[in-house]
Amino acid sequence: MEKKKVLVVGAGGFAGGFIVDEALRRGYDVWAGVRASTSRKYLTDPRINFVEFDFDADDPRQSLADSLSAAAPDGGWDWIVYNLGATKCLRFADFSRINCDYLQYFLDALRRSDLIPSRLLYISSLSAMGPGPKGSYTPFSETMPAQPNTRYGTSKLKAEMLLQMSGIPFIIFRATGLYGPRDHDYFLMFESIGKGFDFSVGFRRQQLTFLYITDLAEAIYDALAAAPVGETYNVAHPAAYTQAEFRTLAARAVGKRLVIPVRVPLIGLRAVCAIAEKIGAAKGKPSTLNTDKYNILAQRNWNVSIDKARRHFGFTPKVDLAEGIRRSVEWYKQEGWLK
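Chemist: I keep staring at the packing of helix H2 (residues 60–71) against helix H3 (residues 92–112) and nothing clicks. Help me out?
Modeler: Packed helices, taken two at a time, are described by the angle their axes make and the gap between the axes. Contact geometry for H2 and H3: axes closest at 8 Å, N-to-C directions at 55°. When the axis of H2 is compared with that of H3, the two are oblique. Relative to H3, the crossing made by H2 is right-handed. Within the contact between the two elements, H2 uses Pro60, Arg61, Gln62, Leu64, Ala65 and Leu68 and H3 uses Gln104, Tyr105, Phe106, Asp108, Ala109, Leu110 and Arg112. For the contact of H2 with H3, the class distribution of residues is eight nonpolar, two polar and three charged.

Okay, structure coming up:
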């Protein structure tokens, strides 16, 4: 069987490196789409081909088309995984530019260069769905109306719509919280728990879902090989956890016996996020705590139904939260992130 030729756009990010690794593990010919400034720290395998993209060129569509044409293998790429995006920005306009305009430029460039793949898989987010029915812990399904309440989620939903109207054969993944080695966001939580404190928000029960990064990478290629085009899938490990359950697993992994839970009222968090966002704007650097982050942390329900993904391409996550945290913490310790 002829080897698949795969282009991963946004290969330099946390998820991107694992998506490239999984393609190599399966024996595919792989191209990593990066910017000139992108770190290649985790893209060192000599089998990787590189494509440099400039999404901020004077004529980005033509610039991208030229880059694609210069790098494309004979017959073009069979599959493209589009993983490029921003999760925090100073302004909504930046979310729209990076998460929507860049995607539109890329889709137009594929047409200009006549390099439309048989399938393009777009990594979206469960944030595109919004908070769901108020007061309910009903698992999110793909048939529920999307009503995002964050700038990030709105931009991801808009990007999904651009792709759906493009005429390019697509598959969309709406991923829940991704974690694993190399990730910085969950590392901050493990670091805090290692110091003996676990900060959570609100007093009403929160149901959290997670997906270990290698399970995402495997699901991407399983879907590209078997799922019908034009479909959207929620992807997560099916188990949901409370903050207390997460804290117990994380404390065990970092070797901390006593962890003090600190609950922050929602009204207090809102004030902190508003102040942090203004400080970030003044410094010209997006803050981890911001209005978007408040809405995400305040959301009580992150339950996910993965029934559709199971039916269509056999999606079965292998790594539960206990094992995923253990692997992540082990890596953080080996790399010196955690002491």
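Chemist: For this particular structure, what's the right way to read the nonpolar core?
Modeler: Across soluble globular proteins, nonpolar side chains show a tendency to be buried alongside one another. In this structure, Phe173, Phe190, Ile220 and Tyr221 are the most contacted members of the largest nonpolar core, which totals 67 residues. When residues of this core are assigned to their parent elements, the largest contribution, seven residues, is made by helix H6 (residues 213–226). When neighbours within four sequence positions are excluded, Tyr221 is seen to be in contact with Val6, Val8, Ile19, Glu22, Ala23, Arg26, Tyr28, Trp79 and Val81.

Chemist: Could you clarify how one ought to interpret the pattern of salt bridges in this entry?
Modeler: A side chain of one charge can pair with a side chain of the opposite charge if their charged atoms are brought near each other. Per the stated rule, a full pass over the model turns up 19 salt bridges. Across the pair Asp29 and Lys3 runs a salt bridge, and its minimum N-O distance is 3.0 Å. Within this pair, whereas Asp29 is found in strand S2 (residues 29–34), its partner Lys3 is found in the segment before strand S1 (5–9), the two being separated by 26 residues in sequence. A relative accessible area of 28% means that Asp29 is categorised as partly exposed. Within this structure, Glu22, Arg25, Arg26 and Asp222 form a network of salt bridges that share partners.

Chemist: How should H6 be read in this particular structure?
Modeler: A turn of α-helix holds 3.6 residues, and therefore any two residues three or four places apart point the same way. In a regular helix each residue adds 1.5 Å, so 14 residues correspond to 20 Å; H6 covers 20 Å between its end C-alpha atoms and thus fits that length. In terms of burial, H6 is a largely internal element, 10 of the 14 residues being buried. Taken residue by residue, H6 has Ile213, Asp215, Leu216, Ala217, Glu218, Ala219, Ile220, Tyr221, Ala223 and Leu224 as its buried positions.

Chemist: Would you mind going over the packing of aromatic side chains with me for this structure?
Modeler: Two descriptors summarise a pair of aromatic rings, namely the distance from one centre to the other and the angle between the planes of the rings. This model, assessed by the stated rule, comprises 29 aromatic pairs. Ring centres 5.5 Å apart and planes at 15° place the aromatic pair Phe210 and Phe246 in the stacked group. Taken together, the residues Phe210 in strand S9 (residues 210–212) and Phe246 in helix H7 (residues 243–254) connect sequence positions 36 residues apart. In this structure Phe210 comes out as buried when scored by relative accessible area, which is 5%. Owing to a relative accessible area of 1%, Phe246 belongs among the buried residues under this scheme.

Chemist: Help me understand the sheet that holds S1, please; the structure alone is not making it clear to me.
Modeler: Sheet strands pair by backbone hydrogen bonding; their relative direction is either parallel or antiparallel. Overall, parallel pairing links the seven strands, which are arranged S3-S2-S1-S4-S5-S6-S10 in an open sheet. Each edge of the open sheet carries a strand with a single partner, namely strand S3 (49–52) and strand S10 (231–235). Between one strand axis and the next, the sheet turns through 20° on average, direction left out of account. For S2 and S3, the ladder comprises four bridges, and the chain directions are parallel.

Chemist: Quick question: what am I supposed to make of the pairing of S2 here?
Modeler: Of all six residues in S2, five are buried, a share of seventy percent or more. Of the pairings in the sheet, the one linking S1 to S2 comprises five bridges and is parallel in character. The residue bridging Val9 from the neighbouring strand is Gly33, located in S2. The handedness of the S1 to S2 crossover, carried by helix H1 (residues 14–25), is right-handed.

Rules used throughout
- Residues numbered from 1 in each chain as written.
- Predicted model: local features only at pLDDT ≥ 70, side-chain atom pairs only at ≥ 80, totals over all residues.
- Heavy atoms only, no water.
- Axes fitted to C-alpha atoms, helices over the stretch in contact; angles between N-to-C directions.
- Helix = DSSP H or I, 4+ residues; strand = E, 2+ residues; numbered from the N terminus.
- Parallel < 35°, antiparallel > 145°, perpendicular 65-115°, else oblique.
- Left-handed = near helix turned anticlockwise from the far one by under 90°.
- Contact = heavy atoms within 4.5 Å.
- Nonpolar A, V, L, I, M, F, W, Y, C, P; charged D, E, K, R; others polar.
- Core = buried A, V, L, I, M, F, W, Y, C linked by side-chain atoms within 4.5 Å.
- Buried < 20%, exposed > 50% of the residue type's maximum accessible area, 1.4 Å probe, protein only.
- Salt bridge = Lys/Arg side-chain N within 4 Å of Asp/Glu carboxyl O.
- Expected span 1.5 Å × (residues − 1).
- Phe/Tyr/Trp six-rings, centres within 6.5 Å; stacked < 30°, edge-to-face > 60°.
- Pairing = 2+ DSSP bridges.
- Right-handed = clockwise from strand over helix to strand, strands pointing away.

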